[in-house]
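# Structural overview
Here's the letter readout for the chains.
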Amino acid sequence: MSEIFNVNRRDFIKTGVAVGGGLMLGFYLPRIGQPARRAEQSTSPFAPNAFVRIGTDDSVTVIVNHSEMGQGVYTALPMLVAEELDADWTQVRVEAAPVDPAYNHTQFGIQVTGGSTSTWSEWERLRKAGATARAMLIAAAAETWKVDPASCRAENGHVFHTASRRRLSYGHLADKASSMTPPQNVALKDPKDFKLIGKPAKRLDTPEKINGKGLFGLDVKVPGMLTAVVARPPVFGAKVKSFNADRAKAVPGVLRIVEIDRGVVVVADGYWPALKGREALETVWDESPLSGLDSRTQRDQYAELARQPGAVARKEGDVAAAMGRAAKKLEAVYELPYLAHATMEPLNCVADVRPDGCDVWTGTQLQTVDRAAAAQAAGLKPEQVKVHTMLLGGGFGRRAVVDSHFVREAVETSKAVKAPVKVIWTREDDIRGGYYRPMSHHSISAGLDAAGNLTAWQHRIVCQSFIVGTPFEAFIVKDGVDETAVEGAKDLPYRIPNLLVDWQKAPVGVPTLWWRSVGHSHTAFVVESFLDEVAHAAGKDSYEFRRALLVGNPRHKAVLEFAAEKAGWGKPLPQGRGRGLAVHESFGSFVAQVAEVSVTKDGQLKIHRVVCAIDCGPTVNPDTIHAQMEGGVVFGLTAALYGEITFEKGRVKQRNFHDYPMLRMNEMPVVETHIVPSVEKMGGVGETGVPPVAPALANAIFPLTGKRIRRLPIRAEDLRKA
Amino acid sequence: MVKLKVNRKDYAVDVSPDTPLLWVLRETLGLTGTKFGCGMALCGACTVHLDGEAVRSCVTPVLRAAGKEVTTIEGLSHDLSHPLQRAWIAEDVPQCGYCQSGQIMAAAVLLRENPNPADAEIDDAMSGNICRCGTYQRIRRAIHLAARMKATGGIR
Ligand code: FES
Ligand code: FES
């Protein structure tokens, strides 16, 4: 998901209007004291609000409205509640929230996980939820003991009355607490009194992820459930011409063949027969307007588009005039490919459509939209649809799809066969299924004056938009510029007097989507690589050059200095090793990375170490920040070294992990993370480790080979000496 | 009918003999701890033990497992007491967690064969297992820790 929402956050709050799709935006805060909407399903007597329930067995259940996809929200968000509740951390459990306005994102007004927003967006609400519950438990204890509540205190799951040396556990107090009047205004703790927040906590979801018990979408089984795979068009937009249902049904175990908008569904009593049925189906497809798509000609097409001025995203001074005056001019073209998310768990969804209701079990990042889509496909009202959010085997944006296609197809199939159905995407379906990070072309130039000062910067971006034409357009497209296309380029932090960033929308129909770090995933590579080129042309050290230009951006500067120091920037390296750095802000956090690499004579690259410094403001679970930096580095390196989706005759050439490879254990560098102490505004951590690593890597390779890498993924010839 | 022994329990399953063991475990026996990632022996998410050897169950026809001992993540321990599980908790390895059953099953064979593996040996043994979330650094640390736990008889 995307920073787009960050960018527009203020507008969301300010206007609070309905989005095109009819989604209400703005805050929805459950009335304090209103019982949780799930209270009826609960055996717990005390449910002071939608986010916490306390059982007579002392268990504390935190209902989490953000999806757990590896980023650690099933730990960080309960920490917020538990801190203010003074809960016994060992008693804390997590439950996935149902779809309900009570669980809407505090900033976006719908239920969604994305944009690296989960923790900061719940920072207040969940602490208040915990503090409210705590006040009611104290009130219950005080009434039991007939003492002044002010003489009681809470700690570690108990209320104490120190004077009379009495104590009661939260479980004991749960019944009575539910009859207490919730306080209207609760005081939150002074951060210096935090016991949990800011200290490394073990993840609550680790045990179920290492004993086989944790349930991902793919693991759901409901009585009478059938399993399906879909014959999907080889070219995006192609329609079914014909298929041989009889031949497919002759495969033992194949039960039904259903044609839906997105293809032909083979429904069977298991995955294997479904797959064999699909092979037997002999589906013939019509061609589509994309049948002629070829990645090579598409590159030329983008280069052509880059000749025309685009919609202006940022303009400072007069670039043309400054370029005219420049003593030295640099020009470069950078290109980045389409990328598949390749979540470890392929897409899947279970749907059970009945005449009066529908249940959906899946790993999703966009519950509200999926529920509406499921309702529409089932011919029901949204309130009749229950979405059960399972563990997500990776998300990276792929499970937040505005058209809810992977939910819709399961619902349509279940409706047609009148039984619960699990639709499974094969890895090939997943990699070839579109919704890619957009391919992009960047024409970029810079001007230096005689003293080597950077006086002009012009950056033109050509890529598709996955926002234009969706309900999100009104919020994310500004003055004809899709923020997700230019983020990270238009907010360039360096002081350059003349600057122009514009965007050309590429009119290509390949389905594209937000991909972990969204626009930053390409813009950071371009601006941080090109800035290195400029520094080199100016005869300056890339670290000192950046530092000097970061006036007025202390958070960028601090992480840059921190990372440089920890990485030993400027200190001699062993023979054959190179260092490169990059610094980038995304999702409200600031990250600098220094990569240390070597390249052998025959072009073998080894990445030895990546040092990260991050300022994400106050921390909740520092261990998660470390984990996200480690994961972000792997994600970014995978893209830099291998990631590429290409087309030939409209067909995606890649299939599975053999031709869409992932970084593996033997290629893993040492990742060293340093959290820069900060009391600034809290940012996100899920995506922000990704953007700087590709440019840091390319900048580290340059001193070894003398070659600039301007196209990803890195190719063998890029690693041979110039 | 194919006769199987999974996690020390006997089963007779009525499936087509070419069905990959993975789907028999997951769909027929309900052992969903073993994951599907690629179906082509490329990612390791489906790793189980067949007579103590790590195999990719997505490409292992169920017939090949007949009469052999199959161990899945569910059979590794009943109570998270296996040194690898304890080490995984100590190092807080998983992110999304989807690859972790396969990682642990691969690591279990490594540690049995090589009680004190060096980094390069870990790389060799574990490079068949993809982790899209990028937990490799922690997996490496956890394997070293588990090796130490085994050597000293267990550190809680
Ligand atoms: S699912 Fe078997 S190796 Fe990937
Ligand atoms: S933890 Fe997500 S794939 Fe490994």
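Scroll up for the structure.
None of the values given here were measured: they were computed from a predicted structure.

Let us look at the overall build of chain A. The secondary structure content of chain A amounts to 20 helices and 29 strands. Compactness check: chain A gives a C-alpha radius of gyration of 27 Å against a globular reference of 27 Å for 722 residues, within 12% of the reference. Structurally, chain A occupies a C-alpha span of about 85 × 75 × 50 Å along its principal axes. Relative to its 722 residues, chain A shows a buried fraction of 65%. Within chain A, contacts between residues at least 6 apart in sequence are counted, and of these 76% link residues at least 24 apart. Taken as a whole, chain A presents about 26000 Å² of accessible surface, with 51% of it coming from carbon and sulfur. In chain A, 88 positive and 80 negative side-chain charges are present, and the distance between their average locations comes to 1 Å.

Moving on to the interface of chain B and chain A. Facing 47 residues of chain B, the contacting portion of chain A comprises 60 residues. Both sides of the chain B and chain A interface together cover about 4600 Å² of buried area, and 57% of this is carbon and sulfur. The largest contributions to the chain B side of the interface with chain A come from Gln95, Arg132 and Tyr136 of chain B, which together make up 18% of the buried area. Our count for the chain B to chain A interface comes out at five salt bridges. We note a salt bridge from Lys276 of chain A to Asp18 of chain B, for which the minimum N-O separation is 3.0 Å. Seen at the junction of chain B and chain A, the total is 29 residue pairs in polar contact (both at pLDDT 80 or more). Counting only elements with at least two residues in the side of chain B that touches chain A, the list comes to helix H1 (21-28), helix H3 (83-90), helix H4 (100-113), helix H5 (119-126) and helix H6 (136-152) of chain B. Within the side of chain B that touches chain A, the residues separate by chemical class into 23 nonpolar, 14 polar and ten charged.

Time to look at the sheet that holds strand S4 (residues 53-56) of chain B. Residue and element names in this part refer to chain B. Judged by pairing direction, the sheet is mixed, and its five strands sit side by side in the order S2-S1-S5-S3-S4 without closing on themselves. For this open sheet the edge positions go to strand S2 (9-13) and S4, each flanked by a neighbour on one side alone. Along the sheet, successive strands turn relative to each other by an average axial angle of 40°, direction set aside. Pairing of strand S1 (residues 2-6) with strand S5 (residues 69-71), which is carried by two bridges, proceeds in the parallel orientation. What sits directly across from Val6, in S5, is Val70. Across the sheet, H4 lies against strand S3 (47-50), S4 and S5, angled at about 40° from S3, the strand it touches most.

The next subject is the sheet that holds strand S1 (residues 46-49) of chain A. Residues and elements named next belong to chain A. Strand order in this open sheet of four strands is S1-S2-S3-S4, and the pairing throughout is mixed. Looking along the sheet, the strands with just one partner apiece sit at the ends: S1 and strand S4 (92-96). When strand polarity is set aside, the average angle formed by the axes of neighbouring strands in this sheet is 25°. Where strand S3 (residues 60-64) meets S4, five bridges bridge the pair, whose relative direction is parallel. The partner of Val64 across the bridge, within S4, is Ala96. Against the sheet, helix H4 (residues 118-145) touches S1 and strand S2 (52-54), its axis set at about 130° to S1.

Attention now goes to the packing of aromatic side chains. Under the counting rule described, the total for this entry stands at 18 aromatic pairs over all chains. On the numbers, 6.2 Å between centres and 70° between planes, the contact of Phe236 of chain A with Tyr436 of chain A is edge-to-face. Of this pair, Phe236 of chain A sits in the loop between strand S8 (226-231) and strand S9 (240-242) while Tyr436 of chain A sits in the loop between helix H13 (427-432) and strand S19 (440-448), and the two are 200 residues apart along the sequence. Each member of the pair Phe236 of chain A and Tyr436 of chain A is classed as buried. A ring pair is formed by Tyr271 of chain A and Phe36 of chain B, whose centres lie 5.4 Å apart and whose planes are at 50°; its orientation type is tilted. Placement of the pair is Tyr271 of chain A in helix H8 (residues 271-280) and Phe36 of chain B in the loop between H1 and S3, with the two residues belonging to separate chains. What links up through ring pairs into an aromatic cluster is the set Phe236, Tyr338, Tyr436 and Phe647 of chain A. A cation over a ring is seen here: Arg708 of chain A above Phe702 of chain A, with NZ or CZ 3.7 Å from the ring centre. The residue whose ring lies beneath Arg132 of chain B is Phe396 of chain A, and the NZ or CZ to ring-centre distance is 5.7 Å.

Our next topic: helix H9 (residues 295-305) of chain A. All names here are of chain A. Every buried residue of H9 is accounted for by Ser295, Gln298, Tyr302 and Leu305. On an axial view of H9, the arc spanned by its buried residues comes to 65°, and they lie on one face. Turned more than 90 degrees away from the buried face of H9, the exposed residues are Arg296 and Asp300. Looking at the buried positions of H9, the neighbouring elements they touch are S19, strand S20 (454-463), strand S23 (498-505) and strand S27 (647-648). Capping of H9 at its N-terminal end is provided by Asp294; its side-chain oxygen lies 2.8 Å from the backbone amide nitrogen of Arg296.

What follows is about H6 of chain B. Residues and elements named next belong to chain B. A rise of 1.5 Å per residue sets the reference length of H6, with its 17 residues, at 24 Å; its end C-alpha atoms lie 24 Å apart and thus fit the reference within 8%. If you check which residues of H6 are buried, you get Tyr136, Gln137, Arg138, Ile139, Arg140, Ala142, Ile143, Leu145, Ala146, Ala147 and Met149. Note on H6: the residue one or two positions beyond its end, Gly153, has a positive phi of about 80°.

With that settled, consider unusual backbone geometry. Residues and elements named next belong to chain A. Omega for the bond connecting Leu712 with Pro713 falls within 30 degrees of zero, at 0°, which places this linkage in the cis form. With respect to the element layout, Pro713 can be found in the segment after helix H20 (693-705). Positive phi is not limited to glycine here, since Lys649 has a value of about 50°. Topologically, Lys649 is positioned in the loop between S27 and strand S28 (651-652).

Okay, the environment of Gln103 of chain B next. Residue and element names in this part refer to chain B. In this fold, Gln103 is placed in helix H4. Taking relative accessible area as the criterion, Gln103 reaches 0% and is therefore assigned buried. When the C-alpha positions of Gln103 and Ile139 are compared, they lie 8.0 Å apart, and in sequence the two are 36 residues distant. Those residues in contact with Gln103, other than ones at most four positions away along the chain, are Trp88, Met126, Asn129, Ile130, Cys131 and Ile139.

Here we take up the nonpolar core. Formed by 224 residues in total, the largest nonpolar core has its most connected members in Leu85, Leu454 and Trp457 of chain A together with Trp88 and Ile143 of chain B. For this core, the element with the highest residue contribution is H4 of chain A, accounting for twelve residues. One finds Val112, Ile260, Val267 and Ala400 of chain A within the second-largest nonpolar core, a separate group that totals 48 residues.

Glancing now at the pairing of strand S11 (residues 263-268) of chain A. Regular strands place their side chains on alternate faces of the sheet. Residues and elements named next belong to chain A. Counting buried residues in S11 gives six out of six residues, a clear majority hidden from the surface. In this structure, S8 lies alongside S11, joined through five bridges in antiparallel fashion. Residue Ala231 lies in a different strand from S11, and its bridge partner there is Val264. Strand direction decides the pairing type here: strand S10 (residues 254-260) and S11, joined by six bridges, are antiparallel. Across the sheet, Ile260 pairs through a bridge with Gly263, a residue of S11. Hairpin remark: S10 followed by S11, antiparallel, with two residues in the connecting loop.

The next subject is the packing of helix H16 (residues 520-537) of chain A against helix H17 (residues 542-549) of chain A. Any two packed helices are characterised by how steeply their axes cross, that is the angle between the axes, and by the distance between the axes. Residues and elements named next belong to chain A. Interaxial distance between H16 and H17 falls to 9 Å at its minimum, and their mutual angle equals 105°. Taken together, H16 and H17 sit at an angle that is classed as roughly perpendicular. Across from Glu528, Leu531, Asp532, Val534 and Ala535 in H16, the residues of H17 making contact are Ser542, Phe545, Arg546 and Leu549. Its residues assigned to classes, the contact of H16 with H17 comprises five nonpolar, one polar and three charged.

Glancing now at the pattern of salt bridges. Residues and elements named next belong to chain A. If you walk through the whole model with that rule in mind, you get 55 salt bridges over all chains. In this structure, the salt-bridge partner of Glu335 is Arg299, at a minimum N-O distance of 2.8 Å. Taken together, the residues Glu335 in strand S14 (residues 328-336) and Arg299 in helix H9 connect sequence positions 36 residues apart. Overall, the relative accessible area of 15% leaves Glu335 in the buried class. Take Arg299: its relative accessible area is 28%, and that puts it in the partly exposed class. Each member of the salt-bridge network shares a partner with another, and the members are Glu83, Asp86, Arg134, Lys189 and Lys195.

Take the environment of Val620 of chain A next. In this fold, Val620 of chain A is placed in the loop between strand S26 (605-615) and helix H19 (622-641). In this structure the C-alpha to C-alpha distance between Val620 of chain A and Gly212 of chain A, which are 408 residues apart in sequence, comes to 28 Å.

Here is what the cut-offs are and how they apply
- Residues numbered from 1 in each chain as written.
- Chains lettered and ligands numbered in written order.
- Predicted model: local features only at pLDDT ≥ 70, side-chain atom pairs only at ≥ 80, totals over all residues.
- Heavy atoms only, no water.
- Helix = DSSP H or I, 4+ residues; strand = E, 2+ residues; numbered from the N terminus.
- Rg over C-alpha atoms; globule rule 2.2 N^0.38 Å.
- Buried < 20%, exposed > 50% of the residue type's maximum accessible area, 1.4 Å probe, protein only.
- Contact = heavy atoms within 4.5 Å.
- Areas by Shrake-Rupley, 256 points an atom, 1.4 Å probe, with all protein chains shown as cover.
- Lys, Arg positive; Asp, Glu negative; His and termini not counted.
- Charge placed at Lys NZ, Arg CZ, Asp CG, Glu CD.
- Buried area = accessible area lost by both parts, 1.4 Å probe.
- Salt bridge = Lys/Arg side-chain N within 4 Å of Asp/Glu carboxyl O.
- Polar contact = N/O pair within 3.5 Å; in protein donor to acceptor, adjacent residues only side chain to side chain.
- Nonpolar A, V, L, I, M, F, W, Y, C, P; charged D, E, K, R; others polar.
- Pairing = 2+ DSSP bridges.
- Axes fitted to C-alpha atoms, helices over the stretch in contact; angles between N-to-C directions.
- Phe/Tyr/Trp six-rings, centres within 6.5 Å; stacked < 30°, edge-to-face > 60°.
- Lys NZ or Arg CZ within 6 Å of the ring centre and 35° of its normal.
- Arc of directions from axis to C-beta.
- Expected span 1.5 Å × (residues − 1).
- Core = buried A, V, L, I, M, F, W, Y, C linked by side-chain atoms within 4.5 Å.
- Parallel < 35°, antiparallel > 145°, perpendicular 65-115°, else oblique.

Interpretation in functional terms is not warranted from these geometric data alone.
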